[in-house]
Structures are given as structure tokens and as C-alpha cells.
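Survey of secondary and tertiary structure
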Amino acid sequence: MTRLQHFGWFLARGFGPHGWGYPSLDWDYDWTKPGLYQQSARTLEQAGFDLVIIEDAPSLGSPETIDLRIRHAFGGPKHDPLLLAPYLFDATEHLGVIPTVNPAAYVPYTAARQFATLQHLSGDRLGLNVVTDTGSARHFGTAAPLGHDAAYDRAEEWLESLRLLWRSWSPEALVVDPVSGVYADGTRLDHAAHRGEYFAFDGPLNAVPFREGEPVIASPGGSGRGLGFAGANSDIQLALAPLDRDSITAYRAKIHAAAVERGRRPEEITILFAIQPVLVSSAAEADRLVAASANPDEAALVQIARKQSSDLETDLTALDLDAPIPAGTFANHVSEGSIRRLIGRNDAATTPLRQILAAHARLGRLTDGSGFVGTADEFADRIEELGEWGNDGVLLWGDLHPVTVHRVLDELVPILRRRGILRREYAPGGLRANLAAF
């Protein structure tokens, strides 16, 4: 049965050089100015999208890999997405904006106060995509990066600290009574003192209570510890999984089990599967693109290797394409999830790098489930099918550039609306209310 699903846009390049390396660069937008993003945000809101998530990586990487990351603008430069958020709020009325934040970069009191301010200014439309990037530790005065699980422990304590501060004002503390002349009752504030493993501070917070609830929390973790973190803390889970019934059902079951284990209800978490479709005008054009990608040339492989090298902070272009990736190639701080996404279903010990890269170059058809190339109608078929399997929604992935946004949405939105999959109206109350509306 057709049902409404939630839709979001993942700004994959972050607040970085949008259009670089593509013909859309010649539209002459300045990626450092807000107009580019505001125009795209208005389009997403007109389309009925719930939210936009802005990727970020505060570090350019290790000194040895900085050139690798910025030469083709894959890993940087990136400006701070938190400071882009107010411009997107100003351009829209309903769209949720979720910048990526790293607990290592913000002491709890400052973070709680800044995020509370943005939640009020935005009309309750702020979200926080909480990541645990440990490679940035040296920028924030930390002697050494934490291990994978310890970084999640710190992030969990950080979120608990924010909530302690946000809740240091009870609703009764804000009196606002012109007759008595009393604005607030200090006896009803919680001093919110915290002495933890990673953070220590005293409250209460110098900010007023929220109208419609705290900022929405999102997270992308796929490891066992990451799924546990999502189950305990997240309102939105960014999901990467093969889009077949068994994989989606199994992934959702893991998230829901993690939520129940931490005393929450499964329906408190909206799971959005990330998809980057390639939409074309006809089935014949889709077949042509897929066939052309079957045997990628050397230039295509090098381009993929550059992108993967930036993500992994490891120069794959210096490796022998016709040999497996040597053991120990990746530094300890490189996430297991990033390595798994590179390797895919191949055997890392025996598969030549050329074959691994070629798998990333090859496209597949929506109609047979081998990929995401197809017409807007075919993509709508797939989204409708996901809904029949109980899916909450999808997160479309790409630059937040008007050319990219219109290329994906112009034909797709009317089809989704006619099928009753994409909302036409927003709920009052901000991002949290829209997520809870269905």
C-alpha cells in the first residue's frame, strides 16, 4: 500500500567548492556565499523535503595527506556548516537544517548555548548530525585521538551534557509576568553540575527553554557501537545498505533493537537510506549509460581512486592497480566503514585494486536492482517498494547546487506527489513535528 515517506538531501561535499570539476561550475555561483545554498534550499522546501544534512570534516587530514585531500577539492576546503545554517533558515519556513558537528570541537556549555540559540531563531528546525571523527583531535587541543569506541563514549557523554544543560530550566522557571515584574524564577533552575570522564562544567545554561523540543539528533554510525549510539540518542539514522528487502529489514531490526535496549520505542527513530540516483529521460538512455560503464577506462579509475584516496586519507593512486591492496595500507584512524565501502563484496586480500575501483565505476539499473540508473518513474517505483517494506524515507545524495537539485527533482517530485509518497503540507512545530507527522 502506498504511504508517505520522509525525504532529505545530504549535502555530500559539505560547505565546500560546489560545482568544482563539473560543467555546472560555469553557472558562476560563488560557493563561499549563501545565495547558492539558499536557492537550493527553497527548491527542497517547495518539493516537500523534511530536511537537509550538511556533511563536514573539520580537518584537512594528516600533514602527509593534505595535498591528496585538497588537490581536487574532495576533502577540503570546507567552511563551517553550523554558520551556514542561519542563512538556510532565513531562506525557508519549514525545512529542517542539520549541520554536522564533532563533539571534540565544542565544549558542552558553549555547544548547548549556541544550539539552543539556533533552535529558537529557526523556529525549532535545527538538527545536529553527530559524528565521531577522531582524526581531527590535534586541532582541538587533544593530545591523542581516541579509539573508535571511546570516541562514541565521549559523544554520548557530550550529548548527555547538552541535555542536562538544556533541561536546567524547567518550564515553570520562565515566568514572564509583567504584573509582578518577574521574568524568571531562579529557584526553579537546576545548577546542572557535571563531572565526567571527558567533560566537567557547571550550569545552569544561560538560555531559555525550548518551545517545541530540543534539536533533532542524527547519526551515521554503522558499527556495533555506532548502532548502539543511534539506538540511545538519535532521532534520525543515516543508513547505508543494499536496497533489497532482506538488507533493509535486517538493518532496521538492528536499529530498533538498539533503541529498545536503551529504553526507547523503535518509532522514535526515523531511518533514512542514502541513495544517489542517476535519473535520465528514457529507459533506452539508462541502458546506454549502464553498458558504457561496464568497462571503465584508466581515466575513470584514476578519478575514483582520487575520490577514495581523499576519503580514506590514503593515496590509492600510488598503489599497483593490478595487485591487492597491501595489508597495513590504511592508518588506524581510518574508519572500518570507509574501508568496507571501498572494498565492497570483494576479498581485500586477493582482489586487485583495479577490480575494486572498476566496481565503483560500473552503473546498474533501477529495474533489476543492480544500481540506481533509470527514469524518474522507475525511481519512484523503487521508493514505493521501499515503503511497502516499512521504510521511513530516503536521503538523496549530492551537491546542494541548483543544477544538481533540479536534475534530480524536476520530474521526480510530481510523480511522487501523484503517488502519495511525498508530502504536500508541513506540520506546525518544526522539524521534530514533521518527522512525527507520519
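Provided above is the structure to which this section pertains.
A few points on the structure. Every chain is numbered on its own, with residues counted from 1 as its sequence reads. Confidence filtering applies because this is a predicted model: local features only for residues at pLDDT of at least 70, side-chain atom pairs given and counted only at 80 or more, and all residues used for totals across whole chains, interfaces and linings. Each side-chain value is worked out from all heavy atoms of the structure, with water and hydrogens disregarded.

Side note on the sheet that holds strand β14 (residues 393-398)
Stated formally: When DSSP finds two or more bridges between two strands, those strands count as paired. Only DSSP runs of H or I covering at least 4 residues are called helices, and only runs of E covering at least 2 are called strands; the numbering of each starts at the N terminus. Working convention: axes come from line fits to C-alpha atoms, limited for helices to the stretch in contact. Angles between N-to-C directions cover 0 to 180 degrees. The contact criterion used throughout is that any non-hydrogen atoms of two residues lie within 4.5 Å.
Within the closed barrel, the 8 strands sit side by side as β1-β2-β3-β4-β9-β10-β11-β14. Their pairing is parallel. Geometrically, the sheet is characterised by an average inter-axis angle of 25° between neighbouring strands, direction not taken into account. Bridge count between strand β1 (residues 6-11) and strand β2 (residues 51-54): 4 bridges; the pairing is parallel. Across the sheet, G8 pairs through a bridge with L51, a residue of β2. Along the sheet, helix α12 (residues 376-388) makes contact with β1, β11 (270-275) and β14, crossing β14 at roughly 140°.

Let's talk about the pairing of strand β9 (residues 216-219)
Using the following cut-off: Throughout this description, buried means an accessible area under 20% of the type-specific maximum (1.4 Å probe, protein chains only), exposed means over 50%, and partly exposed covers the range between.
Here β9 shows no split at all, with V216 and A218 on one side and I217 and S219 on the other all buried. Pairing analysis gives 3 bridges linking strand β4 (residues 127-130) to β9, with the strands arranged parallel. Within β9, the residue paired with G127 across the bridge is V216. Pairing of β9 with strand β10 (residues 236-239), which is carried by 2 bridges, proceeds in the parallel orientation. The residue bridging S219 from the neighbouring strand is Q237, located in β10.

Considerations on the pairing of β4
Looking along a regular strand, one sees side chains alternate from face to face of the sheet. Using the following cut-off: Consider the strands pointing away from the viewer: the crossover is right-handed when the path from the first strand over the helix to the second runs clockwise.
Burial along β4 is two-sided: G127 and N129 and L128 and V130, pointing in opposite directions, are all buried. One ladder, built from 2 bridges, connects strand β3 (residues 96-101) with β4; its direction is parallel. Counted as the bridge partner of T100 is N129 from β4. A crossover connection joins β3 to the parallel β4 through helix α4 (residues 108-121); in handedness this β-α-β unit is right-handed.

Brief notes about the environment of W9
Put simply, the test is: Polar contact is defined as a pair of N or O atoms within 3.5 Å, subject to the rule that within protein one atom must be able to donate a hydrogen and the other to accept it, and that residues adjacent in sequence are counted only when both atoms are side-chain atoms.
Positionally, W9 belongs in strand β1. A relative accessible area of 0% means that W9 is categorised as buried. The spacing of W9 and L396 is 387 residues in sequence and 4.8 Å in space, taken between C-alpha atoms. For W9, the side chain forms a polar contact with the main-chain oxygen of G398, separated by 3.2 Å.

What about unusual backbone geometry?
With an omega of 5°, the peptide bond between G76 and P77 qualifies as cis. The residue P77 is located in the loop between α2 (66-70) and α3 (81-91) in this model. A cis amide bond links G203 to the next residue, P204, at an omega of 0°. Relative to the elements of secondary structure, P204 occurs in the loop between β8 (200-201) and β9. Even without being a glycine, D28 presents a positive backbone phi close to 65°. Position of D28 relative to the elements: it lies in the loop between β1 and α1 (35-47).

A closer look at the layout of surface pockets
What counts is decided by this rule: Using protein atoms alone on a 1 Å grid, points that fit a 1.4 Å probe yet trap it form a cavity, whereas open point sets bounded by protein on both sides within 12 Å along at least five of seven lines form a pocket; residues with an atom within 4 Å of a point count as lining. Grid points are joined across faces, edges and corners, and a volume is the space filled by probe spheres set on the points. Each residue is assigned to one of three groups, with Ala, Val, Leu, Ile, Met, Phe, Trp, Tyr, Cys and Pro labelled nonpolar, Asp, Glu, Lys and Arg labelled charged, and all others, Gly among them, labelled polar.
A volume near 270 Å³ is recorded for the second largest pocket. In this structure, the second largest pocket is lined by 16 residues; those nearest its centre are E267, E268, T270, L435 and A436. The dominant element in the lining of the second largest pocket, judged by the number of residues it contributes, is helix α14 (residues 431-436), at 3 residues. Per-class residue counts for the lining of the second largest pocket are 6 nonpolar, 3 polar and 7 charged.

On their own, these measurements won't tell you what the molecule is for.
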